[in-house]
Amino acid sequence: AKMLFGLSIVYLTFCNFKILIRLTATDNNINNIRSAKKIASKPQINKSSKKVLHKTNEKVIRETQEVETPHPDSSCLLKTDSKLLVSVSLVIHSTIDRLWLMEETCHRWRGPIVLVVYFHQTNAKNNPWMQVLDWKQACPQVKLIPVPAVQGEEDWQYPVNKLRNIGLNALETQLFLMMDVDFLPSENLEAAIQRYFLPTSEFYSLDNDSQQQQRIAMVVPAFERKNATCSSPKECQSFLTKYRQFIPRSFEEIGPCVKRGSCEVFHAEEFLEGHLTTGTESWLKGDFSDSALKSNIPRKINCFTSYEYEPYVVLPWCNGSTPYYDERFFGYGKNKIEYISHLRFLNYSFHVLPEGFLVHYPHPKSKAHGIFRRERKYGFRKTMDDLYVDFLKGLNKTYGQPILRQCESSNQ
């Protein structure tokens, strides 16, 4: 175990070193965050403009909205009575073939849910919308937003950040958790958010820093279910039908699942740096608070172990504080990482939520994931990697260095 941990540190150091070199070497004269993106059959990087360019018959430009863009129905925590519960929504994006997961999500989460469903017309005919409406009747808390694919847009070009932004614009609550449809929340997640977010916000109000009150990111620990492979949605769904405890529901269940090897930190084997900063090992031991803060304030993250940290976070929906996702990122890769980096450069304070968590449900790999992995054939991974380096340079140019720095070692 010590050898594996040591190798992990070396690997993370190497990855961060590569990014640092690229950040230093990249020309300072790059586009800022409002760069546009066009949809296409095969992406390329135009070295002179640093934009993602695509060849297609129908040119569609999606422009990223900056943090200063007014938010519809924005509602911050500053005027909330501390005796009242804060309102929080799940924002979920999905394709039709994974909507079967929503039934279990609705059982576990009773609060509002904004569901953005992306579909091709052919898929919609094969999967009639009546099927969607059937389970929606049993899930009245869902606000369903269908988004048809642009003509010529292929499955691997899934416009993930555009869908996320559409979901954000439909929010009517003070807080939100952006979640992928293939994750299931613990049954106490909403209650944990309501219990810990407001005291954390009020903690920063002691310094009369209203802006920092709005800039809190509550990290939700993420796990994945192991030892379960399936080749079709029906086969995947059968796991939960046969065994209701297949996906842990409570803090008391997640620990034993990890101990017996049936659960582990999300992508611990495939992409360790994605969630390493969360410090899940300490979380599982019940180390929820920080000795430097009040006992009821969740543990604060003091540094990032990687430039590629991509946790799921609960955020306030506030004008002038909460950014939109950068829609130049699409398909698979870097689309959540860019958002966490944006929050970091906006000097958000990151805290780890006690008790509540998410668990990834096993399913067949998407076509976008396959293209991302087959780098030599498609080159898409390099496209997103290069764009992310440019994005970081743009953040640095716009905001300067963030307060939250890189960890000097793997220990936080």
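Everything here concerns the structure above.
Residues numbered from 1 in each chain as written. Predicted model: local features only at pLDDT ≥ 70, side-chain atom pairs only at ≥ 80, totals over all residues. Heavy atoms only, no water.

A. Local environment of the sheet that holds strand β8 (residues 175-180). Taken in spatial order, the seven strands line up as β7-β6-β5-β8-β13-β10-β14 in an open sheet, and their pairing is mixed. On the outer flanks of this sheet lie β7 (142-148) and β14 (349-352), each paired with one strand and no other. When the angles between neighbouring strand axes are averaged without regard to direction, this sheet yields 25°. Strand direction decides the pairing type here: β8 and strand β13 (residues 312-316), joined by three bridges, are antiparallel. The partner of Phe 176 across the bridge, within β13, is Leu 315. On top of the sheet, helix α6 (residues 189-205) reaches β5 (88-95), β8, β10 (216-220), β13 and β14; it is set at about 150° to β10, its chief contact. (Pairing = 2+ DSSP bridges. Helix = DSSP H or I, 4+ residues; strand = E, 2+ residues; numbered from the N terminus. Axes fitted to C-alpha atoms, helices over the stretch in contact; angles between N-to-C directions. Contact = heavy atoms within 4.5 Å.)

B. Up close: the sheet that holds strand β11 (residues 222-225). Strands sit in the order β9-β15-β11-β12 across an open sheet of four strands; the sheet is mixed. In this open sheet, the two strands that pair with only one neighbour each are β9 (183-185) and β12 (263-265). Shown here is a sheet whose adjacent strand axes are inclined to one another by a mean of 35°, direction ignored.

C. Broad picture of the pairing of strand β6 (residues 113-119). The buried fraction of β6 amounts to seven of the seven residues, a majority that puts the element mostly inside the structure. Of the two faces of β6, the one lined by Ile 113, Leu 115, Val 117 and Phe 119 and the one lined by Val 114, Val 116 and Tyr 118 are each fully buried. Looking at chain direction, β5 and β6 are connected through six bridges and run parallel. Each bridged residue has a counterpart across the sheet, and for Ile 92 the counterpart in β6 is Leu 115. In this fold, β5 hands off to helix α2 (residues 102-108), which returns the chain to β6; that crossover is right-handed. With seven bridges connecting them, β6 and β7 associate as parallel partners. Residue Ile 113 lies in a different strand from β7, and its bridge partner there is Val 142. (Buried < 20%, exposed > 50% of the residue type's maximum accessible area, 1.4 Å probe, protein only. Right-handed = clockwise from strand over helix to strand, strands pointing away.)

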